[in-house]
Amino acid sequence: MATNLRERQEKIREVKENLITSVNKRIAEKVSDFSDREKNIMLNDFEYSLGKIILESTPEGVGVGAHYHCNAKCVFCLGGKPKLFSLERYKEFFEPRLNSIIPKARYISFCGFGELLLMPGIEKFLDYINGKIPNTNKIFTTNGFPLSSDVANLLTKSKSVAEVSLHADHSELHRLLTGMNMFEQIVSQVKELLRLRKNKVSPHISLIFIVTTLNVENLPEFVKFAANLGVDEVF
């Protein structure tokens, strides 16, 4: 019985390896049709579908701890005092270590403690990564306050995602949860971002609803609010 099981496992391994070799060959033969990023994503998807443990592809997604000071006081936030993010830190610390991975990834998430889009020089940073990785989806989580016209315009220049942490469909509950009296301004800026974009990937716009005992009853109305606003997703 054990011998039969080992034989079956060996045969499955051989089939998987042959499939990987075949896919690699087909991808290599179409060098002119696929970029390195597209080839890596195809191979990554295929390896995951086979349940491979050791992958030849690099990860489809990268998460960068992009921390900065925050203007909100959310009741559910753990806070903290991590090292602050900057364009210089990205160039000097993250890029040298991830330069072989980021350009071939499906997405890179810039998420950390605080509000990254309040970082001084954020426009320069957005312009830099738009030029360096235009086809990699760049994900930004924000409370929505920093979505000025300059930032909004830069988010429309290449593939990106704006995840707006709103958590409520009206100002009173939003103020209770976040400590900010800016609900109407944030909604207005989301509307302007929707108006500015030319498609649903530059940027893809999501509203975030962290469920607590304070706002759980508001979830159905929040979903309706998001639909009426015209955003792409709620989570």
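Look up: the structure comes first, before these words.
Here we summarise the structure given alongside this text. (Residues numbered from 1 in each chain as written. Predicted model: local features only at pLDDT ≥ 70, side-chain atom pairs only at ≥ 80, totals over all residues. Heavy atoms only, no water.)

### Quick notes on the overall build of the protein
Then comes step 1: In terms of regular secondary structure, the protein is built from eight helices and six strands.
Then comes step 2: In sequence order, the protein lays out its α and β elements as α-α-β-α-β-α-β-α-β-α-α-β-α-β.
Then comes step 3: Relative to its 235 residues, the protein shows a buried fraction of 42%.
Then comes step 4: Taken as a whole, the protein presents about 13,300 Å² of accessible surface, with 54% of it coming from carbon and sulfur. (Helix = DSSP H or I, 4+ residues; strand = E, 2+ residues; numbered from the N terminus. Buried < 20%, exposed > 50% of the residue type's maximum accessible area, 1.4 Å probe, protein only. Areas by Shrake-Rupley, 256 points an atom, 1.4 Å probe, with all protein chains shown as cover.)

### Quick notes on the packing of helix α3 (residues 87–98) against helix α4 (residues 122–132)
Packed helix pairs are characterised by how far apart their axes lie and by the angle those axes make with each other.
Then comes step 1: Two numbers describe how α3 lies on α4: the axes approach to 9 Å, and their chain directions differ by 40 degrees. When the interaxial angle is binned, α3 and α4 end up oblique. Taking contact as the criterion, the partners of L87, Y90, K91 and E95 in α3 are, on α4, K124, F125, Y128, I129 and K132.
Then comes step 2: Split into classes, the residues belonging to the contact of α3 with α4 amount to five nonpolar, no polar and four charged. (Axes fitted to C-alpha atoms, helices over the stretch in contact; angles between N-to-C directions. Parallel < 35°, antiparallel > 145°, perpendicular 65-115°, else oblique. Contact = heavy atoms within 4.5 Å. Nonpolar A, V, L, I, M, F, W, Y, C, P; charged D, E, K, R; others polar.)

### What about the packing of aromatic side chains?
Then comes step 1: Inspection of every chain in the model, using the stated rule, returns 13 aromatic pairs.
Then comes step 2: Between F183 and F225, the ring centres sit 6.0 Å apart and the planes meet at 35 degrees, which makes this aromatic pair tilted. Here F225 lies in helix α8 (residues 219–229) and F183 lies in helix α7 (residues 183–196), a separation of 42 residues in the sequence. Residues F183 and F225 agree in their burial class; the two are buried.
Then comes step 3: Above the ring of F93, the side-chain terminus of R89 is found at 4.7 Å from the ring centroid.
Then comes step 4: Across from the ring centre of Y128, 4.7 Å away, lies the NZ or CZ of K91, which sits over that ring. (Phe/Tyr/Trp six-rings, centres within 6.5 Å; stacked < 30°, edge-to-face > 60°. Lys NZ or Arg CZ within 6 Å of the ring centre and 35° of its normal.)

### Focus: the sheet that holds strand β4 (residues 160–165)
Then comes step 1: Taken together, six strands build an open sheet; the order of strands is β1-β2-β3-β4-β5-β6 and the sheet is parallel. In this open sheet, the two strands that pair with only one neighbour each are β1 (61–65) and β6 (233–234).
Then comes step 2: Sheet topology places β1 next to strand β2 (residues 107–111); five bridges connect them, and they run parallel. Paired with V62 across the bridge in β2 is I108. (Pairing = 2+ DSSP bridges.)

### Observations concerning α8
Then comes step 1: For α8, every residue scored as buried is listed here: F222, F225, A226 and L229. All buried residues of α8 fall inside an arc of 100 degrees around its axis, so they share one side. Turned more than 90 degrees away from the buried face of α8 sit A227 and N228, all of them exposed.
Then comes step 2: Residues of α8 that are buried in the fold lie against α7, β5 (204–208) and β6.
Then comes step 3: Phi turns positive one or two residues past the end of α8, at G230, with a value near 100 degrees. (Arc of directions from axis to C-beta.)

### Describing empty space enclosed by the protein
Then comes step 1: Enumeration according to the criterion identifies one cavity of 30 Å³ or more in this entry.
Then comes step 2: Of the voids in this model, the largest cavity is the one considered here, and its volume is about 30 Å³.
Then comes step 3: In terms of lining, the largest cavity is formed by L126, N130, K138, F140, L154, L155, S158 and S160.
Then comes step 4: Tallied by class, the residues present in the lining of the largest cavity amount to four nonpolar, three polar and one charged. (1 Å grid on protein atoms, 1.4 Å probe; cavity = no way out; pocket = protein on both sides within 12 Å on 5 of 7 lines; lining within 4 Å. Points joined across faces, edges and corners; volume = space filled by probe spheres on them.)

Purely spatial values, then, with no claim about function.
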